[in-house]
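# Secondary and tertiary structure notes
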Amino acid sequence: MKLLSKLAVIAAIIGLGGCVSMPDPYDYSAFKAADPKSVIILPPVNNTPEVIAPYSVMSQLVTPIAESGFYVFPVAVTEQTFRANGLTVAQDVHSVDPAKLHDIFGADAALYVSISDYGTSYVVISSETRVTVTAQLVDLRSAQVLWTGSASASSAETQNNNNGLIGMLVQAAVNQIFETVTDRGFDIAAITANRLLHAQGYNGLLYGPRSPNYGQPVASQKK
Amino acid sequence: MTFKSIIAGASVATLLLLAGCKTTEPLYYHGDYNTVVYSYFKAEDVTLEEQISAMQNLIATAHSKGKPVAPGVHGHLGMLYFETGNTALGAEHLNTEKQLFPESAKFMDFLLNQSQEGRNEAAQ
């Protein structure tokens, strides 16, 4: 009996732990109805002093969207196309008529991204590198918002917990030439992007048509 | 409790454990794609030729692993070739992107037409 009550207490603690931080599940009805197959990542609006932030974030947003099952347009090629057409400022790209974007790229949906934290800040005890991003997925055929989300990741997480999450997600560059290119912010941006978008995460994207899980409910839809 | 039922119980437990631990197999081979794209944006340290060779390695590795390359890989490599003046290989990779991912067809055709127009103007 003593054992039973102990188990009940443990179960209650686990139960509470599971409930505490979960926000309301996202309403995916518009997303599901629109059923986009391809996503163009627009140049992110940069609200940080780091000039490199949009390029770093844009490069890292591709993987979780592709792995969720959508076609993702090559970000450098789309960025160059905007530049070639005189759109060198992210805000200007964000104000282009969705129908026009659909016309040129043939993309079903666009991801509008803004970056609020990027890089290193010095807090009391140690420095941390944090990347925080907010995003909206908009259907380019109807201009309807299909999904919104925001996510943050910090280098301090590795110091505070030992589950090795960050170590797992950050892939070391295979090619030595590229070691000079990467930086802490770029590594952390990969984790932020994954948390924000991956259909496996809580309130991320739905699974797209190229995923074997297409049509299956995502984590926050399961009760 | 027979030996059989213990075995059966153990295998059910193992299956459950396996299901719990199973990490989803990635859909694509991404390799260094994100880093190569980032190096292109930074436009320092790494030359276009080095970026092209990294992209070629990535595609070769994907083939040897029997994995499809990530969407955008051939499109990006096509652009790098165009920038080095190799329009034939540039067009070839844009067409490969289109073949692998028909979702890209409209944009790839747009790029192919633009490069064709550019060449026609240059020839005049």
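Each remark here, short or long, concerns the structure printed above.
Residues numbered from 1 in each chain as written. Chains lettered and ligands numbered in written order. Predicted model: local features only at pLDDT ≥ 70, side-chain atom pairs only at ≥ 80, totals over all residues.

## Description of the overall build of chain B
Check the secondary structure of chain B and you find six helices and zero strands. Considering chain B as a whole, with its 124 residues, one finds that 33% of them fall into the buried category. (Helix = DSSP H or I, 4+ residues; strand = E, 2+ residues; numbered from the N terminus. Buried ≥ 20, exposed ≤ 12 C-beta atoms within 10 Å, placed from the backbone.)

## Looking at helix α3 (residues 53-67) of chain A
Residue and element names in this part refer to chain A. Here α3 spans 23 Å end to end across 15 residues, near enough to the 21 Å set by a 1.5 Å rise per residue. Taken across its 15 residues, α3 has 15 buried, putting it largely inside the fold. G69, located one to two residues past α3, shows a positive phi value of around 115°. (Expected span 1.5 Å × (residues − 1).)

## Details of the packing of helix α2 (residues 33-42) of chain B against helix α3 (residues 48-65) of chain B
Residue and element names in this part refer to chain B. Look at α2 against α3: their axes get within 10 Å of each other, and the N-to-C directions meet at 165°. Judged by the inter-axis angle, α2 sits roughly antiparallel to α3. The two elements α2 and α3 cross, and the hand of that crossing is left-handed. Here Y33, V36, S39 and Y40 of α2 lie close against α3, whose contacting residues are Q51, A54, M55 and L58. For the contact of α2 with α3, the class distribution of residues is six nonpolar, two polar and no charged. (Axes fitted to C-alpha atoms, helices over the stretch in contact; angles between N-to-C directions. Parallel < 35°, antiparallel > 145°, perpendicular 65-115°, else oblique. Left-handed = near helix turned anticlockwise from the far one by under 90°. Contact = placed C-beta atoms within 7 Å. Nonpolar A, V, L, I, M, F, W, Y, C, P; charged D, E, K, R; others polar.)

## Structural notes on the interface of chain B and chain A
Many authors give the size of an interface as the accessible area that is lost as the parts come together. The interface is formed by 33 residues belonging to chain B together with 34 residues belonging to chain A. Where the side of chain B that touches chain A is concerned, the elements lending two or more residues are α2, α3, α4 (73-83) and α6 (105-123) of chain B. The biggest single contributor to the side of chain B that touches chain A is α2(B), with nine residues. Classifying every residue of the side of chain B that touches chain A gives 17 nonpolar, 10 polar and six charged.

## As for α2(B)
Counting buried positions along α2(B) yields eight of 10 residues, so the element is predominantly enclosed. All of the buried residues along α2(B) are B:Y33, B:N34, B:T35, B:V36, B:V37, B:Y38, B:S39 and B:Y40. Check the buried side of α2(B) and you find it contacts α3, α4 (75-84) and α9 (184-197) of chain A together with α3 and α4 of chain B.

## Quick look at the pairing of strand β6 (residues 145-154) of chain A
Both strand β5 (residues 127-139) of chain A and β6(A) contribute to a ladder of nine bridges, which runs antiparallel. From the neighbouring strand, A:T134 faces β6(A), where its bridge partner is A:S150. (Pairing = 2+ DSSP bridges.)

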